[in-house]
Amino acid sequence: MEVCLTMNNTAPMTFIWPDMLWALLLVPLLVAGYLWLLKRRKKTALRFASLSLVKEAMGKTNAWRRHLPPALLLLAVTALLLAAARPAAVITLPLQEKTIVLAIDVSGSMRATDVKPNRIVAAQEAAKTFVTELPRSVRVAVVAFAGTAAVVQAPTLSRDDVHAAIDRFQLQRGTATGSGIVLSLATIFPEDTAIDLSQITGQRAMPPSPNDKPKAKFEPVEPGSYGSAAIIMLTDGQRTTGPDPLDAAKMASERGVRVYTVGVGTKEGETIGFEGWSMRVRLDEDTLKNIADRTRADYFYAGTAEDLKKVYQSLSSRLVVEKKETEISALFAALGALLVVGAAGLSVWWFGRVA
């Protein structure tokens, strides 16, 4: 049995022990008992010879003062009963551990100068700034992809190593966006035997040996549910080789990994020439949006170097926190304790007694 209480019409609050909520029926009984005591006191007061003298002695301000401590005590009991039902809610928490994989396109079209000074330099500078601003507890890996994909930096806490890896990019021909995603997943899950890297290398997978351990059966999880890692993929063109990026996105989705996609450069498509040869490039926004959508992530477009910096700033704020269902019984218990102390303090201050 699960009981949900919607707070501010947003995320619901659930109770781990919902049967304890039946104890809240004590609250109206306590209210009825308090009203009965007030009625009884009123009858006792009528026995005085002059009721006006009693009212004068009590004073006008005592009316609300008499009721405030019991009201606070009633709220305290309600909070403590809710705490006993062990409430839980989805709240935003700082990440304790995270791995970010930067998958960056290093195809020849990244030489284009429509993003100043050119696409690859703007991407490198923005990526290095992003890495520097991440919490020191976040590990960063770098995957470069063109016609093939390669891990140029394994997950590390060293920002200097990541910066050096980004500076070592060598532009190549081809755009294998699917390979970039698959290799990023293999970097996050090195023990996952269901990730077939032969489709990246182009080599045939070796037949299983009799001594090989049997592969564990892969069980898909909820898309976007894996909170310990994420992939940020930046590209400026259409896929020209390698596995289908949407198939790779499906692999990421089944593992719960979010793939944030960043499109940089020309949306409409144009012919870019350099070093004696030319190539036609066009940003495949539809595919990038589908990749992000399938993995419960977001797509960003960066048409300028400044846009690219803003994209990475936005990603930094999204990736350093996580939403997680957390038991919040302690908050209700603390609130109940504070209300009890407040009720007792006011009663002693105003009337010289607790009850």
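Cut-offs applied
- Residues numbered from 1 in each chain as written.
- Predicted model: local features only at pLDDT ≥ 70, side-chain atom pairs only at ≥ 80, totals over all residues.
- Heavy atoms only, no water.
- Helix = DSSP H or I, 4+ residues; strand = E, 2+ residues; numbered from the N terminus.
- Buried < 20%, exposed > 50% of the residue type's maximum accessible area, 1.4 Å probe, protein only.
- Contact = heavy atoms within 4.5 Å.
- Areas by Shrake-Rupley, 256 points an atom, 1.4 Å probe, with all protein chains shown as cover.
- Salt bridge = Lys/Arg side-chain N within 4 Å of Asp/Glu carboxyl O.
- pLDDT = per-residue confidence, 0-100.
- Core = buried A, V, L, I, M, F, W, Y, C linked by side-chain atoms within 4.5 Å.
- Polar contact = N/O pair within 3.5 Å; in protein donor to acceptor, adjacent residues only side chain to side chain.
- Axes fitted to C-alpha atoms, helices over the stretch in contact; angles between N-to-C directions.
- Parallel < 35°, antiparallel > 145°, perpendicular 65-115°, else oblique.
- Left-handed = near helix turned anticlockwise from the far one by under 90°.
- Nonpolar A, V, L, I, M, F, W, Y, C, P; charged D, E, K, R; others polar.
- Phe/Tyr/Trp six-rings, centres within 6.5 Å; stacked < 30°, edge-to-face > 60°.
- Lys NZ or Arg CZ within 6 Å of the ring centre and 35° of its normal.
- Patch = residues over 30% accessible without salt bridge, like charges linked within 9 Å, V, L, I, M, F, W, Y side chains within 5 Å.
- Pairing = 2+ DSSP bridges.

A. Representation of the overall build of the protein chain in the model. Summing up its helical and strand segments, the protein chain has 11 helices and 12 strands in all. Per-residue burial over the protein chain gives 40% buried out of 355 residues. Expressed as a percentage of contacts within the protein chain between residues at least 6 apart in sequence, the contacts between residues at least 24 apart total 77%. Within the structure as shown, the protein chain displays about 20100 Å² of accessible surface, and the carbon and sulfur contribution to it stands at 57%.

B. A look at the pattern of salt bridges. Applying the stated criterion across every chain, the model contains six salt bridges. Notably, a salt bridge pairs D192 with R255, separated by 2.7 Å at the nearest N-O pair. Taken together, the residues span a long stretch of sequence, with D192 in the loop between α6 (177-188) and α7 (198-201) and R255 in the loop between α8 (245-254) and β8 (258-264) at a distance of 63 residues. Comparing D192 with R255, the two get one shared label, buried. One network of salt bridges, with partners in common, ties together D114, R119 and D236.

C. Looking closely at the confidence of the model for the protein chain. On average, the protein chain scores 81 in pLDDT, and the residues at 70 or more come to 77%. Of all helices and strands in the protein chain, the one with the weakest mean pLDDT is strand β1 (residues 4-6) (41), whereas helix α5 (residues 159-167) scores best (96). Overall, residues 1-9 carries pLDDT values under 50, and its contacts beyond four positions in sequence, including any with other chains, amount to 16 contacts. Under a pLDDT of 50 for its full length, residues 202-206 has, in the predicted model, four contacts with residues more than four places off or in other chains.

D. Quick peek at the nonpolar core. L102 and Y312 are the most contacted members of the largest nonpolar core, which totals 64 residues. Excluding its chain neighbours within four sequence positions, the residues that come into contact with L102 are A127, F130, V131, V140, A141, V142, V143, I166, I232 and Y312. Counting nine residues, the second largest nonpolar core, distinct from the first, contains M13, L21, L82 and A85.

E. Just α8, in detail. Judged by how many residues are buried, α8 sits mostly within the fold: seven of 10 residues are covered. Among all positions of α8, only P245, L246, A248, A249, M251, A252 and S253 are buried. Where α8 begins, the side chain of D244 points an oxygen toward the backbone nitrogen of L246, at a separation of 2.8 Å. Phi turns positive one or two residues past the end of α8, at G256, with a value near 75°.

F. Main features of the packing of α6 against α8. With their axes 8 Å apart at the nearest point, α6 and α8 run at an angle of 20° to one another. Judged on the interaxial angle alone, α8 and α6 are roughly parallel. Both α6 and α8 take part in a crossing whose hand is left-handed. Of α8, the residues touching α6 (which contributes T177, G178, I181, V182 and L185) are P245, A248, A249, M251 and A252. Across the contact of α6 with α8, the residue classes tally to eight nonpolar, two polar and no charged.

G. View of the packing of aromatic side chains. Counting across every chain of the model gives two aromatic pairs. Here F130 and Y312 contribute two aromatic rings whose centre-to-centre distance is 5.2 Å and whose plane-to-plane angle is 40°, an arrangement assigned as tilted. With F130 in helix α4 (residues 119-133) and Y312 in helix α10 (residues 305-319), this residue pair connects regions lying 182 residues apart in the sequence. You can call F130 buried: its relative accessible area is 1%. The ring centre of W17 lies 4.9 Å from the NZ or CZ of R86, which sits over that ring.

H. Focus on a nonpolar patch on the surface. Taken together, the side chains of I16, W17 and M20 present a nonpolar region at the surface, about 290 Å² in accessible area. Mapped onto the elements, I16 comes out in the loop between β2 (12-15) and α1 (26-45). A relative accessible area of 40% means that I16 is categorised as partly exposed.

I. Inspection of the pairing of strand β7 (residues 229-235) at higher detail. Burial within β7 is extensive, with seven of its seven residues counted as buried. Here β7 shows two buried faces, one formed by A229, I231, M233 and T235 and the other by A230, I232 and L234. Pairing between strand β4 (residues 98-105) and β7: six bridges, direction parallel. Across the sheet, I100 pairs through a bridge with A230, a residue of β7. Sheet topology note: the β7/β8 ladder contains six bridges and is parallel. For I231, the partnering residue across the bridge sits in β8 and is V259.

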